[in-house]
Amino acid sequence: MSTTTVAHHEEHHDRPAGIMRWLTTTNHKDIGTMYLTFSLIMFFVGGCMILGIRAELFKPGLQLMNPEFFNQLIGVHALIMIFAALMPAATGFANWMIPLQIGAPDMALPRLNNWGFWLLPPSAILLTLPFTLALFGIGDGALATGWTFYPPLSIQGGIGVDFAIFAVHLLGISSVMGSINIIVTLFNMRAPGMTLMKMPMFAWGWLITAFLLVATIPVLAGAVTMLLTDRHFGTHFFDAAGGGDPIMFQHLFWFFGHPEVYILLLPVWGFIPQILETFSRKPMYGYKAQVYSFWAIGGLSVVVWAHHFFTAGMPVPALLYFMYSTMAISLPLAVLFFCWIKTMWKGSMSFETPMLFAVGWIILFGIGGLTGLVLADVAADAQYHNSYFVVAHFHYTLFAGGIMGIMAGTYYWLPKMTGHMYSEKLGKLHFWLTAISFNLTFIPQFFLGLAGMPRRIPDYALQFAEFNMISSIAAFALGLSQLLFVYNIVTCTRGGKKATDQVWEGAKGLEWTLPSPPPYHSFTEQPVVK
Amino acid sequence: MQVLRKMGLGFAAMLASISACADYRWNFPEPATPMALDTLHVHNKFMIIIAIIFVSVLAVMIYSIFAHRKSKGCTPVVDKAPSTAVEIFWTLIPFAILLLIDFVIMGIPAYHSVLMMENTRDKATMVIKVTGSQWRWQYEYMDGDAKGIKFVSNLTTTSDQMHNLAKKDDHYLLEVDNHLVLPVGEKVRVLMTATDVLHNWWVPQFGSSRVAVPGFIRETWVQVIRPGVYRGQCKELCGKGHGYMPIVVDAVPMADYKKWVVAKKAELAKANAGADKEWTKEDLIKTGKGVYEKNCAVCHQVTGAGLPPAFPPLTGSKIANGPIFGADGKYMKDSHLDRVLNGIRVMPSWKAVLNDTEIAAVITYERNALGNSVGDVLQPSQVKAARQ
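Being a predicted model, the structure only gives us computed values, none of them experimental.

Chemist: Help me out: how do you make sense of the environment of Phe322(A) in this one?
Modeler: Residue and element names in this part refer to chain A. With respect to the element layout, Phe322 can be found in helix H11 (residues 316-328). The spacing of Phe322 and Gly157 is 165 residues in sequence and 31 Å in space, taken between C-alpha atoms. Setting aside anything within four residues of it in sequence, one finds Phe322 in contact with Val304, Ala306 and His307.

Chemist: I'm lost on the pairing of strand E9 (residues 228-234) of chain B in this one. Help?
Modeler: Looking along a regular strand, one sees the side chains alternate between the two faces of the sheet. Residues and elements named next belong to chain B. The buried count for E9 comes to 5 of 7 residues, which makes it a mostly enclosed element. Alignment of strand E6 (residues 199-203) against E9, held across 2 bridges, turns out to be antiparallel. Each bridged residue has a counterpart across the sheet, and for Trp202 the counterpart in E9 is Gln233. The sheet contact formed by E9 and strand E10 (residues 247-252) spans 5 bridges and is antiparallel. Bridged to Gly228 within E10 is Ala251.

Chemist: Explain the UniProt feature "domain: Cytochrome oxidase subunit I profile" (unreviewed entry) in chain A to me, please; I cannot follow it from the model alone.
Modeler: Sequence positions flagged by UniProt for "domain: Cytochrome oxidase subunit I profile" (unreviewed entry) are, in local numbering, residues 22-530 of chain A. Secondary structure across residues 22-530 of chain A divides into 70% helix and 0% strand, with the first and last C-alpha atoms of the span separated by 37 Å.

Chemist: Before we go on, may I ask you to explain the environment of Pro317(A) in this structure?
Modeler: With respect to the element layout, Pro317(A) can be found in helix H11. The class of Pro317(A) is exposed, set by 8 C-beta atoms lying within 10 Å.

Chemist: When you look at the interface of chain A and chain B in this model, what are you seeing that I'm missing?
Modeler: Between chain A and chain B, the residue contacts involve 72 residues of the former and 77 residues of the latter. Of all the secondary structure elements, the ones that give two or more residues to the side of chain A that touches chain B are helix H3 (67-102), helix H6 (153-156), helix H9 (246-280), H11, helix H12 (330-344), helix H13 (353-375), helix H14 (378-384) and helix H16 (424-451) of chain A. Its residues placed into classes, the side of chain A that touches chain B shows 46 nonpolar, 18 polar and 8 charged.

Chemist: Please explain the pairing of strand E5 (residues 188-194) of chain B as it appears in this structure.
Modeler: Residues and elements named next belong to chain B. With 5 of 7 residues buried, E5 is to be regarded as a mostly interior element. For strand E1 (residues 126-133) and E5, the ladder comprises 7 bridges, and the chain directions are parallel. Bridge pairing in E5 places Thr131 opposite Thr193. Relative to strand E8 (residues 218-222), E5 runs antiparallel, the two being bridged by 5 bridges. Looking at E8, one finds that Val188 is bridged to Val222.

What counts and what doesn't
- Residues numbered from 1 in each chain as written.
- Chains lettered and ligands numbered in written order.
- Predicted model: local features only at pLDDT ≥ 70, side-chain atom pairs only at ≥ 80, totals over all residues.
- Helix = DSSP H or I, 4+ residues; strand = E, 2+ residues; numbered from the N terminus.
- Contact = placed C-beta atoms within 7 Å.
- Buried ≥ 20, exposed ≤ 12 C-beta atoms within 10 Å, placed from the backbone.
- Pairing = 2+ DSSP bridges.
- UniProt positions renumbered as here; feature names shortened; annotations may be inferred.
- Nonpolar A, V, L, I, M, F, W, Y, C, P; charged D, E, K, R; others polar.

Dropping the structure here:
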């Protein structure tokens with residue numbers, strides 16, 4: 001892959017200064033930065049909520065909060081982490097890196113891009129406002145149904161449910177707009193010579209994610225709207241007394257909810273191989289196999305949804321179908337794991353922070369994936385379902401597989417974005433603290449689940465006390481370690497050793513041909529890819 | 001590879017020995033039904049398989065991490081995609097192994113387990129109905145000698161214990177007033193439904209877990225193989241009391257079960273007989289206090305102060321201080337009695353849960369205590385009439 005020389009000149013922009021610059025910007029890097037900053041802030045908001053939960057669960061008995069407030073925290077924690085921390089982080093990287101990686105000057109639809117971002121802060125406010133309103137005696141707090149909105153509980157709920165429904169609408173609109181923008185950009189703005197099968201892996205991951213979002217978000221929006229009309233306009237979609245079925249909501253919700261897992265993970269599966277090839281100094285193994293696996297996983301992800309509620313009762317053929325189709329996902333996923341490891345095999349590896357995160361990510365995500373395989377089994381699922389085993393499982397996929405992946409990406413691209421190197425020593429410290437405390441938080445939860453502790457309970461029987469205590473202490477360590485992450489990012493933005501254009505010795509790809517930080521308009525002349 | 005295989009086997013053996021320990025804290029609790037036994041076997045087998053996969057993949061990667069370092073002077077090799085027939089064959093081998101694991105080694109036992117789990121009717125000798133309500137379970141025996149036995153099972157852990165004001169006992173949060181009693185060795189078909197929101201009846205040692213859906217009947221079965229007391233909890237978030245609706249099952253030998261049926265029937269008959277006699281105000285208030293604290297205090301609080309806005313106070317409440325019957329002496333909509341019998345929004349219907357005496361007593365109590373002093377009395381016979 002070679003490129004023409006890029007002419008970079010500092011142009012004089014007549015862009016507004018101060019807050020107006022950020023409100024009105026249509027620049028992909030500005031918007032990307034806003035997405036990433038928003039995501040980081042919400043990561044801490046969601047994190048504080050769960051630390052409240054872990055503090056309450058530190059020992060048996062009710063210490064800090066009543067059960068109503070407990071239920072509100074768990075649901076809003078999940079919604080914030082999924083929709084306001086993980087998804088915006090992936091979108092932030094997409095905004096920053098996709099134009100750089102495919103040799104484009106900007107995203108295809110810049111104004112849509114701006115709107116897509118500015119829908120996020122209002123929806124974050126909608127999600128959290130009911131907490132504040134309750135302090136003033138208005139309503140009874142936020143959504144208390146868990147993030148899944150299951151009726152009839154959500155039909156019983158207070159105004160928090162309505163706030164959350166509208167927040168989900170806004171977040172959904174934002175995601176669909178972001179996805180359309182990415183699809184249009186990838187189909188129309190690739191550098192001459194870059195065929196689809198030469199696209200960087202990150203772009204591929206996002207392309208599949210974008211299609212999944214466009215396909216499934218409307219279903220979620222429809223489902224929560226039906227919930228809204230059940231709540232306020234006398235419909236009975238989910239009420240048996242009027243001919244509806246509460247379980248139908250679960251089908252609709254998880255038709256979105258299961259692909260959502262891959263929506264969160266595919267962008268990460270995109271850039272992790274890029275990190276591995278950079279630090280193994282060796283081109284990634286099995287590019288085509290990985291792309292086809294992405295397609296396979298994307299396709300399978302929309303036909304396995306009912307494994308989230310095997311215990312809700314369904315006919316035997318349906319149980320068997322959803323079990324076997326879920327197990328089938330392990331095949332393309334195994335191809336990906338094989339390619340990742342083969343990329344490292346007989347390379348010339350060095351272990352800077354991004355590589356540490358990437359390797360740790362493979363191991364921990366592996367645990368998440370393998371426990372997912374056993375969860376597919378209907379019989380054993382009767383025990384795992386809604387127990388702490390599931391909680392541990394999906395934190396291995398979404399915290400380790402999602403957020404630690406995002407951290408790998410952050411350290412990988414931070415020098416490119418800011419033009420400065422971060423402190424390698426502190427970066428490594430951050431990795432080890434995160435990895436260790438993460439495992440200490442969630443390994444005990446596997447055992448809690450096996451021993452029979454249900455999830456979403458504010459208080460528990462005495463035999464669960466020790467593991468909960470370990471988990472709570474480790475959770476606080478995990479939370480505190482993330483302050484180091486912020487410190488690293490802030491100091492790197494403020495200054496530090498100048499980063500070179502290529503930044504990493506083994507880095508390949510168009511984004512590394514631009515200066516660090518790249519000019520305001522990325523490629524003013526299109527590079528040619530051979 | 002030889003080394004890796006040995007390592008895998010060693011690890012598997014270690015796991016197997018852990019799961020065989022008498023102390024099941026690291027695994028499922030000791031199974032008490034054929035289904036739970038099956039689930040445990042399936043679980044152990046799968047855990048060993050995934051542990052072997054994990055350890056062998058990890059071993060390859062860890063070896064590579066230490067061997068193929070730049071600091072050790074490693075230079076990257078150039079990968080070639082498999083091209084010859086032999087190479088492609090070897091690439092497909094792992095695929096075949098995974099297919100085998102997924103759909104044969106894991107898939108076939110899973111298939112049999114599913115069929116067993118869903119076979120609720122064959123050889124079932126009795127049927128019980130489990131109804132989930134916010135936040136208690138109600139049990140009803142549907143056939144045989146026990147037909148007609150019906151009772152509610154409430155948490156007995158006290159508020160003081162929850163708030164760390166009293167010592168927590170051994171079965172903290174896992175004890176109820178009325179245990180479900182089942183005969184050992186009989187296959188019991190369990191019908192499940194709910195009155196308000198979704199609940200999930202789960203006793204870990206039974207290996208069965210099924211969501212109770214309002215308006216629908218779901219089913220599962222249990223066949224307890226050993227006498228004992230088995231405890232479980234609701235497993236589907238059902239509101240603020242989700243953590244406070246445990247399940248306690250006494251599995252007893254058939255002879256004991258028969259004795260229990262006779263005793264329970266007599267007890268229920270006695271309670272129902274109370275409906276026809278005239279009660280004094282003091283007796284009603286005394287009985288009503290117990291009923292109130294068991295059933296109503298979780299939302300309306302022991303003092304009657306409620307938890308506004310979701311759960312209104314009863315002290316000074318318009319409904320609790322208004323007339324029970326209309327001016328014509330007939331049943332009135334939105335009266336105190338109507339509210340208790342039929343519920344509204346979050347307030348559940350108590351028609352099926354409490355008997356006539358209990359309803360009469362609790363209403364009389366609410367009107368003459370908790371800071372209210374209406375002074376009137378509701379007789380069980382009036383409740384009985386109102387039901388029709």
